[in-house]
Each structure stands twice: as structure tokens, then as C-alpha cells.
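Architecture and fold: a report
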Amino acid sequence: MTKNDNLLALALSIKAWGRELGFSDVRIADIDLAHAEAGLQAWLDQGFHGEMEYMAAHGMKRARPAELVPGTARAIMLQMPYLPQSAQDWRGKEEARQNQPAAANISIYARGRDYHKVLRARLQQLADRIKAEVGEFGYRVFTDSAPVLEVELAQKSGLGWRGKHTLLLNRDAGSMFFLGEIFTDLPLPVDAPITSHCGACNACIDICPTQAIVAPYKIDARRCISYLTIELKSSIPMEMRALIGNRVYGCDDCQMACPWNKFAQQSTVADFEVRNGLDDATLVDLFGWSEEDFNGKLAGSPIRRIGHERWLRNMAVGLGNAAAHCTAADATAMVAALQARLEHPSAMVREHVLWALEQHGRQLGD
């Protein structure tokens, strides 16, 4: 066999091994992202990254994999669905929860085990399998954990196309999946990209509660609910609070609206099953968690990284937004829960608690 034949056989094996590890698709891309540099710089220059300083900290290294990991020749791109097996009629249920003012709406991806941990372990297993086959080779695994333009690489690899909401879309899987990658020095044969299939559809743009998708394929993160409830470390801007509704950790609206997500796949990985009843929790219950409760219950969860202070901040906003729509009994319980936090040591928590109480006060005044 020629060297090229050996590399092709290895690529086919890698794809088979990846599927054995729970990845629904595995593709290979070259690492030339020169076409993406101007867009990345323009996005940063407009300040659309907000307080996410890490987005700008590495300059164009994010678009230059060989500078990030010297010797890199290819990116092995993998996708893993995260809809839990229990998620039947998931879009209908999620839409219903948004209309339940007392419900705490937490993004689907965050209800189970931290995907960083799950994917990283399986990517490492795949790398170990490759090493067992070819011997020592240069590589590094990533799961949303370094300056990598993973959607651009995934698009190049043929895993899907970038949707107008900027997430990767796949005809057979929608967008309800995680991406992981292995940068490697192995000159594997690359897969061909596919064409976009968004057409004239603007469902994701139209549904966004905060108009964060400022143009097709462009997001102002400062307006995105996922940014506001997860990445933002300071107070949530006053003008954005009412728009958040009961979305207290992340937001799935653009994905729920996307027609391609009728093909979203359920995960075969048990780690993504719901923990702590986070698909059916109330704002009052979660707001009542002590810091010990938060750290204990959410051990191994992606939510834990925001810390208890921001958790309470987010819940307070949800409780405030519920004032105009909840029952009298729910309102009584919410006000009592908020009043119990009035003396919280965090000035940020106290500020959001007072704001929430003001919303309930207005309803009583009306």
C-alpha cells in the first residue's frame, strides 16, 4: 500500500472509532482559515464580544491553528448530539415552559454533565486509539476550551454549514450537538464542505428575544441571553432584564425556531440525561439553593462555573419577570423568597433582588 492508501485507511478507521465513542459524525479539515480573519477582526473591532476578553486575547491565533499548536496539519472534527433520551417532543415542551412564569428555563445542553468533561475524555480515548495504531504523533484535543474557530473548521470539514444564528447546522442533526476537535500533525485526507441550506429563512433572527442576531451570521454577544446569563460577570443591563423572561441559564430560542431541528438527534451518551430535575424546576426552588446546595448539586455540571452569586442574579431577574404573569400564590412565594435575600453579602445580588421586588410592587400597585 502507498502512503496515501495508508492515510485513507487510517482516516476511515478514525471515523469508525469516533462513532464507537458516541460521536454521530467525524470529518477531517485542512487548517487554512485565512478567509475568516477579516470577519473575526471586524467582529472584535465592533465590540460584539463584550466582556469576553479571551476572544481578543490571542489575536489572529484563533484563525491560525498551526500557530496555536505548531506542526498542526489537520483538524479531526467531531459532533455529539446532546438531546437526552427522555426528550420527547422537546420543542413543544420547551415552548410550554417559556410560558410558565414560575418555571426556571435552563438551556437543554446544561441540564446534564459538563460537556467539556464528557467530550474531552472521549476525544482523548480516540487520540489514544490513533496512537496505538500509528505510534507517537503530534496532537491536541479541544472542546470549546481554547482559541479555536471550531465552527469554521467544522464547516470546512463538511460536518455542516454555519446557520444565520452562527451555530453549525446539519441536515441530519439540526444544531443540537456539541463540537470537539483534535488538531494533529497527521496529513490525513480531507473531507469536502457542503453547501448552505438556510435559504431565505430568517426564523432564528425573528425569534431572538433580544435581537442579538444583528445580521445574518453575525451576533452581538452583548445582547445574547446566553452571554448575559453565563459569560457576563457584572450586573445585567437594566434594558435587557425584561427581555430575558424566565431564561435563567442560556437560551435555546433560535434553535427551537430552526426548521432543521426537526431532525435533531437524541444522544446515546447517558451523561447528558437531566440531573437535579433541571427540566422541571421552579425559580423559587432554585433561588432558595444555598451556596453549599449549588456547589454540591451542580458538581460536574457546566452551570457551576458561573458561581452562586451569578446564579442568584439570574434567578432574581426571572423572578422579577414573572411578576406580571404569575398567579397570586406564586407571587406571594416569590416575594418571600426575594425578601429572604435582601441582606445577601453580594451587592450585585441585592441590586437584582431589589429590582425584582420592584417589579412585583408595580403589579400590586396596578
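Read on for an overview of the structure. (Residues numbered from 1 in each chain as written. Predicted model: local features only at pLDDT ≥ 70, side-chain atom pairs only at ≥ 80, totals over all residues. Heavy atoms only, no water.)

**So, the pairing of strand β7 (residues 177-184)**
- Among the eight residues of β7, eight are classified as buried, and the element is accordingly described as predominantly covered.
- Here β7 shows two buried faces, one formed by Phe 177, Leu 179, Glu 181 and Phe 183 and the other by Phe 178, Gly 180, Ile 182 and Thr 184.
- Of the strand pairs in this sheet, strand β2 (residues 74-81) and β7 are connected by eight bridges, and their pairing is antiparallel. The residue bridging Pro 81 from the neighbouring strand is Phe 177, located in β7.
- Strand direction decides the pairing type here: strand β4 (residues 139-142) and β7, joined by four bridges, are antiparallel. By the bridge assignment, Tyr 139 is partnered in β7 with Thr 184. (Buried < 20%, exposed > 50% of the residue type's maximum accessible area, 1.4 Å probe, protein only. Helix = DSSP H or I, 4+ residues; strand = E, 2+ residues; numbered from the N terminus. Pairing = 2+ DSSP bridges.)

**A few points about the pattern of salt bridges**
- By the definition in use, this model includes 15 salt bridges.
- Two residues, Glu 152 and Arg 162, come together in a salt bridge whose shortest N-O distance is 3.3 Å. Pair noted here: Glu 152 is in helix α7 (residues 150-157) and Arg 162 is in strand β5 (residues 161-162), with a separation of ten residues, a long-range link.
- Residues Arg 241 and Glu 351 are paired through a salt bridge, measuring 2.6 Å at the closest nitrogen-oxygen approach. Within this pair, whereas Arg 241 is found in helix α10 (residues 238-244), its partner Glu 351 is found in helix α16 (residues 347-365), the two being separated by 110 residues in sequence.
- On the basis of relative accessible area, Arg 241 is assigned to the buried category, the value being 1%.
- Linked through salt bridges whose partners overlap, the residues forming this network are Arg 19, Asp 25 and Arg 27. (Salt bridge = Lys/Arg side-chain N within 4 Å of Asp/Glu carboxyl O.)

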